[in-house]
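Structural overview for review
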Amino acid sequence: MASKEMKTYSCDEIAKHNKEGDLWIIIDGKVYDVSRFKDLHPGGSSVFLNEDIPGQDATETFYGLHRHEIITKPQYARLQVGLVEGQKSVIHSRIVGELSKVPYAEPTWLSDGYYSPYYTENHRKFQKAMRAFVDEIVTPDAIAREADGKPPSKSVIEAMDKLGIHAMRMGPGKHLKGLTLMDGLVTPEEFNYFHELIITQEFARCGQRGYGDGIHSAPVFERHALIENHTGMMSGSVIGLPPVLNFGSAEIKAKVVPDVLSGRKPICLAISEAFAGSDVSGLKTSAVKTEDGKHWIINGTKKWITNGTFAEYFTVGCKTEDGFTVILVERGEGVETKPIKTSYSPSAGTAFVTFDNVKVPVENTLGPEGSGIFVMLSNFNHERWVMCCSSARSQRLIVEECLLWVNQRKAFGKPLHSLAVIRSKLAAMIARVESTQNWLENLTHQMNNMSYKQQAAKLAGHVFSVILSSIRVLILLYSPIGLLKMHATRSAQETATDAVQIFGGRGITKTGMGQYIEHYHRTVPFDAILGGAEDVLGDLGVRQAIRGMPKNVRL
């Protein structure tokens, strides 16, 4: 029954329905008959019999215990029998496609009355379209799949493919040429790293991290029907495909890129091993050429490989005669993958990968032989930047949840925000997310104005040599993206800890008021490891800075 057809009751009339068998309550200007429901209430019937509940306004009590989405569910919405005379329903949660009005819930450039030198009107239109797409198509599926453990729906993957989102997730470049992006909202020539930042941050806003890590790789093809429960949103392709795009031959790109961008054949990055993680030079997987020099024979193992469970292609770091080389391997004879159980999410498809005498054409070499360090440093740049984009937005979601909670939760007879210790935690959380976002936007601007090789050198922290006037000179540049990732992931863990303290027991409960806090607190430690351990990246950044110190400066 629509609200306009419902009967209106005065508060005095409602107050008469205050006993067992005839029990009404008011929530946000709406009247609910809970006479029969009280015995089915998950929290027991006694809560409805407290002296300030029967026949009275229970809005404050309800929102101290439940999220708004509960009252909108059909099984509870049908309990409504009328409206309160002279009152209007004013409470709402997230409005699909709209910006949040909660302070600091949106980055500054999306907040009323604020400005940014980085974003154009096209970026704003693009963000609005992405917000609507994620809210309407992705988020409902993410919540449902997180609950039932199934992979992202085929319809979501196909909807993303139709809009060119899979391709845009790889960043600006020639791979976008000829594509229609977001129904023509942005041209391939206009698309830049701020557009990609928007995509990553809008996906992160759905708050389902395992689903988000796989969405860009969920298979839509038959061969993986038996392992779909291990698939997610294709983050493996985001980090596995760029080396192909930037260092693969024209023939390799023609064969691989269309299949990966359509979602038919996922790809993953296979670098880490049980023997070495951040220490890339310690890798043991080897690639030896055959006597005729036409093939590589690859042997070794890789561990903790995101999306490896269902990948068709593997971008593999190998030890070779010339040092370290990156080679594209197609799933086939000698390639075996096994899922690894973690406390994160099976949707990420984390795998242990074995290469047993795998024969690969030398044409699959990505970049010159022995130049794998440069190839991977170039790739790490984009990978870590994407992680920073996601981390900044995920932290902001937690800030929004905490601000909402302290505004509606009471402790010691006062709103939770009346406690100085709570305000102090919120202040630190806000400062962390704002500093992360601002640093991120600064580096994104640099990326927009640098070539891919310049990014690898100036932002990823690469040491290389050049010949100047017949003299070989070492050029050493800094590693700001590594430092940003360290800052972002440490900030994220501190924010997760503070959020649990603010939510209390609800912050460690997988359902209810603190469900996003629990999920975030449980999964955020992974950010400090993926893409390079934060300690190693921080140390790298400082060592690069020390090496770059001018010899003639003093205090």
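Keep in mind that this is a model prediction, so the values were computed, not measured.

Quick look at the pairing of strand β5 (residues 80–84)
Two elements, strand β1 (residues 7–9) and β5, share 3 bridges in a ladder whose sense is parallel. Across the sheet, the residue bridging to Tyr 9 is Val 84, located in β5. Where strand β4 (residues 30–33) meets β5, 3 bridges bridge the pair, whose relative direction is antiparallel. Looking at β5, one finds that Val 31 is bridged to Gly 82.

A few points about the packing of aromatic side chains
Enumeration over the complete set of coordinates arrives at 12 aromatic pairs. The interplanar angle of 5 degrees and the centroid separation of 3.8 Å between the aromatic rings of Trp 109 and Tyr 119 together place this pair among those described as stacked. Remark: Tyr 119 occurs in the loop between β5 and α5 (121–148) and Trp 109 occurs in the loop between β5 and α5; sequence separation between them is 10 residues. Here Trp 109 falls in the buried class, since its relative accessible area comes to 3%. For Tyr 119, a relative accessible area of 7% corresponds to the buried category. Seen from their ring centres, Phe 247 and Phe 374 are 6.1 Å apart, and the 85 degrees between their planes marks the pair as edge-to-face. In this pair, Phe 247 is assigned in helix α11 (residues 242–247) and Phe 374 in helix α13 (residues 372–408), connecting sequence segments 127 residues apart. Here the aromatic residues Trp 109, Tyr 118, Tyr 119 and Phe 194 are joined through ring pairs into a cluster of three or more. Seen from the ring of Phe 275, Lys 284 lies directly overhead, with NZ or CZ sitting 5.6 Å from the centre.

Regarding the nonpolar core
Membership of the largest hydrophobic core comes to 66 residues, with the highest contact counts inside it found for Phe 126, Met 130, Ile 165, Met 168, Leu 241 and Trp 385. The biggest single contributor to this core is α13, with 8 residues. With residues up to four places along the chain from it excluded, the contact list for Leu 241 reads Met 170, Val 256, Val 257, Val 260, Leu 261 and Ile 267. Counting residues in hydrophobic clusters, the runner-up holds 22 residues, among them Leu 426, Ala 492, Ala 496 and Val 500.

Some thoughts on the confidence of the model for the chain
Residues of the chain with pLDDT of at least 70 account for 90%, and the chain-wide mean is 88. The model gives residues 216–233 a pLDDT under 50, and that stretch makes 73 contacts with residues more than four places away or in other chains.

Regarding the pairing of strand β10 (residues 323–330)
Of all 8 residues in β10, 6 are buried; the element is thus mostly enclosed. In this sheet, β10 lies alongside strand β9 (residues 313–320) in antiparallel orientation, the contact comprising 8 bridges. When the sheet's bridge partners are listed, Phe 314 is paired in β10 with Val 329. Hairpin connection from β9 to β10: 2 residues lie between these consecutive antiparallel strands. Pairing between β10 and strand β13 (residues 365–366): 2 bridges, direction antiparallel. Paired with Ile 327 across the bridge in β13 is Thr 365.

Describing the side chain of Thr 320
As for its placement among the helices and strands, Thr 320 is situated in strand β9. In this structure Thr 320 comes out as buried when scored by relative accessible area, which is 12%. Apart from residues lying up to four places away in sequence, Thr 320 is in contact with Ala 287, Trp 296, Thr 325 and Gly 370.

About the cut-offs
Residues numbered from 1 in each chain as written. Predicted model: local features only at pLDDT ≥ 70, side-chain atom pairs only at ≥ 80, totals over all residues. Heavy atoms only, no water. Pairing = 2+ DSSP bridges. Helix = DSSP H or I, 4+ residues; strand = E, 2+ residues; numbered from the N terminus. Phe/Tyr/Trp six-rings, centres within 6.5 Å; stacked < 30°, edge-to-face > 60°. Buried < 20%, exposed > 50% of the residue type's maximum accessible area, 1.4 Å probe, protein only. Lys NZ or Arg CZ within 6 Å of the ring centre and 35° of its normal. Core = buried A, V, L, I, M, F, W, Y, C linked by side-chain atoms within 4.5 Å. Contact = heavy atoms within 4.5 Å. pLDDT = per-residue confidence, 0-100.

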